[in-house]
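# Structure at a glance
Read off the chains here:
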Amino acid sequence: IGGSPAIKNTIRLAEKYARSQSAVLITGETGTGKEIFAQSIHNRSSRAQEPFVAINCAALPDSLLESELFGYVKGAFTGANREGKMGIFELAHKGTVFLDEIGEMDLSVQAKLLRVLQEKEVCRLGDDRVIPVDIRIISATNKDLSELVREKAFREDLLYRLNVLELKLPPLRNRRGDI
């Protein structure tokens, strides 16, 4: 929703991106609607009837984030569900995974995420069986990931995989009429 030329152009670009299967990196300041754009891209895509699974990478400690992303088998760690658990990549099979605040992800988890993106398969924690997954990744950040790469806080190869299509959301201060 919005009438400013900047947001209308951004919406047109998002509609174009929805027709693609490529990864999308949404950048913008806090409060600009990154998750709304991610959900809208999914809803306009050929995957619209499949799951949209979102996770906030900054909201969970690294060990918990890893188990949420990849899942785990029974007995994988103390306190784990007795039955094991599917991760969000499995839950989103044929759909879209939205990784919010991707710039907050620890380097070790980034390496495992990169492998999922390259191989299109996931391995639950504590398991040696690989599970093929067909997912589209939409990620979002309010950080400058290129700067994080220079600081060695974000993997350049992961940025390359996530930033196939970039959608920059204009700041609210430049479109006050849209508020």
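It should be noted that the structure appears before, not after, this text.
So, on to the layout of surface pockets. Roughly 410 Å³ of internal volume is contained in the largest pocket. As for the largest pocket, its lining consists of 18 residues, of which Ile-1, Ile-11, Ile-36, Phe-37 and Ser-40 are closest to the centre. Contributing elements (two or more residues each) for the lining of the largest pocket: α1 (5-18) and α2 (34-43). It is α1 that provides the largest number of residues to the lining of the largest pocket, a total of five residues. Residues that form the lining of the largest pocket fall into these classes: ten nonpolar, four polar and four charged. Of the pockets and cavities examined, the second largest pocket occupies roughly 270 Å³. What lines the second largest pocket is a set of 15 residues, and nearest its centre among them are Ala-23, Leu-117, Lys-120, Ile-135 and Ile-137. Of all the secondary structure elements, the ones that give two or more residues to the lining of the second largest pocket are α5 (107-119), β8 (136-141) and α7 (156-162).

The next point concerns the side chain of Thr-10. Its location among the elements puts Thr-10 in helix α1. On the basis of relative accessible area, Thr-10 is assigned to the buried category, the value being 7%. Side-chain polar atoms of Thr-10 contact the backbone oxygen of Ala-6, separated by 2.8 Å. Sequence-distant contacts of Thr-10, defined by excluding residues within four places in its chain, comprise Phe-37, Leu-167, Lys-168, Leu-169 and Pro-170.

What follows deals with the environment of Val-97. In this structure, Val-97 sits in strand β5 (residues 96-100). Among the residues examined, Val-97 registers a relative accessible area of 0% and is labelled buried. Sequence-wise, Val-97 and Ile-137 are 40 residues apart; in three dimensions their C-alpha atoms are separated by 5.1 Å. What Val-97 contacts, discounting residues up to four positions off in sequence, is Val-53, Ile-88, Phe-89, Ala-92, Ile-135, Arg-136, Ile-137 and Ile-138.

With that settled, consider the sheet that holds strand β1 (residues 24-27). The five strands are arranged β2-β5-β8-β1-β9 in an open sheet whose pairing can be described as parallel. A strand with exactly one partner marks an edge of an open sheet, and here the two such strands are β2 (52-56) and β9 (165-168). Strand after strand, the sheet turns through a mean of 15° between neighbouring axes, direction not considered. Across four bridges, β1 lies against β9 in parallel orientation. Residue pairing in the sheet places Ile-26 in a bridge with Leu-167 of β9.

Definitions and cut-offs
- Residues numbered from 1 in each chain as written.
- Predicted model: local features only at pLDDT ≥ 70, side-chain atom pairs only at ≥ 80, totals over all residues.
- Heavy atoms only, no water.
- 1 Å grid on protein atoms, 1.4 Å probe; cavity = no way out; pocket = protein on both sides within 12 Å on 5 of 7 lines; lining within 4 Å.
- Points joined across faces, edges and corners; volume = space filled by probe spheres on them.
- Helix = DSSP H or I, 4+ residues; strand = E, 2+ residues; numbered from the N terminus.
- Nonpolar A, V, L, I, M, F, W, Y, C, P; charged D, E, K, R; others polar.
- Buried < 20%, exposed > 50% of the residue type's maximum accessible area, 1.4 Å probe, protein only.
- Polar contact = N/O pair within 3.5 Å; in protein donor to acceptor, adjacent residues only side chain to side chain.
- Contact = heavy atoms within 4.5 Å.
- Pairing = 2+ DSSP bridges.
- Axes fitted to C-alpha atoms, helices over the stretch in contact; angles between N-to-C directions.

Note that every value here comes from positions in space, so none of it alone points to a role or purpose.
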